[in-house]
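# Remarks on the overall topology
This is what each chain is made of:
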Amino acid sequence: MSAPPLTLADLNRMNRTGFATALGFAFELSPWVVERAYDAAPFASLEALHAAMMAVLEASPQADKLSLIRAHPELAGKAAIAKTLTAESNAEQASAGLDRLTAEEFARFHALNAAYGERFGFPFIIAVRLNDKISILAAMEARLSNDHAAEVAEALRQIGLISQLRLQDAVTA
């Protein structure tokens, strides 16, 4: 995000297309969440903006929720190696040191990503900016024991944290 921060006033003046384009990055490759939240404008605060987006997500069909979850990359996975992550995901993974793993750490992430993907059918999601590689690995191991419904709920909660952090970076009052 190289553009100057947006203000709530800017966002409240935008049409649906401009709004979705300006904030589409908040939910990984899923601008539909932002576009649907437009109907709740005008937004009195950043918190209200994020709450509207989360309400859209909560009200969405399960298939849409799973599509959003599956739009996220694996941590330290193929997309990171191939340098095809979104700018936001790249910066977030780097902030947790996932771009500087030892061979042993990389192997551990790879094994946990595979086990997690096999068990749940989607990538492990965590707000990496609020963690480091040690806490991420511990969470991956712990969450493997969740049932599918609990893990979908946790993935969506983590997406909420990720999107909130992204919006805080991009929008000023």
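Residues numbered from 1 in each chain as written. Predicted model: local features only at pLDDT ≥ 70, side-chain atom pairs only at ≥ 80, totals over all residues. Heavy atoms only, no water.

## What to know about helix H2 (residues 16-23)
Along H2, the residues classified as buried are Phe19, Ala20 and Leu23. Burial along H2 is one-sided: seen end-on, the buried residues are contained in an arc of 95°. Among the exposed residues of H2, those oriented more than 90 degrees off its buried face are Thr17 and Thr21. Tucked into the core, H2 has its buried residues touching strand E1 (6-7), helix H1 (8-13), helix H3 (32-37), helix H4 (46-59), helix H10 (148-170) and strand E2 (171-172). Put simply, Asn15 is the residue that caps the front of H2, since its side-chain oxygen is 3.2 Å from the backbone nitrogen of Thr17. (Buried < 20%, exposed > 50% of the residue type's maximum accessible area, 1.4 Å probe, protein only. Helix = DSSP H or I, 4+ residues; strand = E, 2+ residues; numbered from the N terminus. Arc of directions from axis to C-beta. Contact = heavy atoms within 4.5 Å. Polar contact = N/O pair within 3.5 Å; in protein donor to acceptor, adjacent residues only side chain to side chain.)

## Remarks on unusual backbone geometry
Following Ala41, the chain continues to Pro42 via a peptide bond in cis, the omega torsion being 5°. Counting through the fold element by element, Pro42 comes out in the loop between H3 and H4. One non-glycine residue, Leu29, adopts positive backbone phi at about 50°.

## Some remarks on the environment of Leu167
On the secondary structure map, Leu167 appears in helix H10. Residue class for Leu167 comes out buried when judged on its relative accessible area of 1%. Separated by 141 residues in sequence, Leu167 and Ala26 have C-alpha atoms that sit 6.4 Å apart. Leave out the neighbours within four places in its chain, and Leu167 touches Leu23, Ala26, Leu46, Leu49, His50 and Met53.

## Considering the nonpolar core
In terms of nonpolar packing, the biggest core is built from 49 residues, with Leu23, Phe27, Leu49, Met53, Ile69, Phe109 and Ile136 touching the most fellow members. At the level of secondary structure, the elements contributing two or more residues to this core comprise H1, H2, H3, H4, helix H5 (62-70), helix H8 (103-120), helix H9 (133-143) and H10. It is H10 that contributes the most residues to this core, 7 residues altogether. (Core = buried A, V, L, I, M, F, W, Y, C linked by side-chain atoms within 4.5 Å.)

## Points about the confidence of the model for the protein chain
With 93% of its residues at a pLDDT of 70 or more, the protein chain has an overall mean of 92. When the elements of the protein chain are averaged for pLDDT, helix H6 (residues 78-81) gives the smallest value, 62, and H4 the largest, 98. (pLDDT = per-residue confidence, 0-100.)

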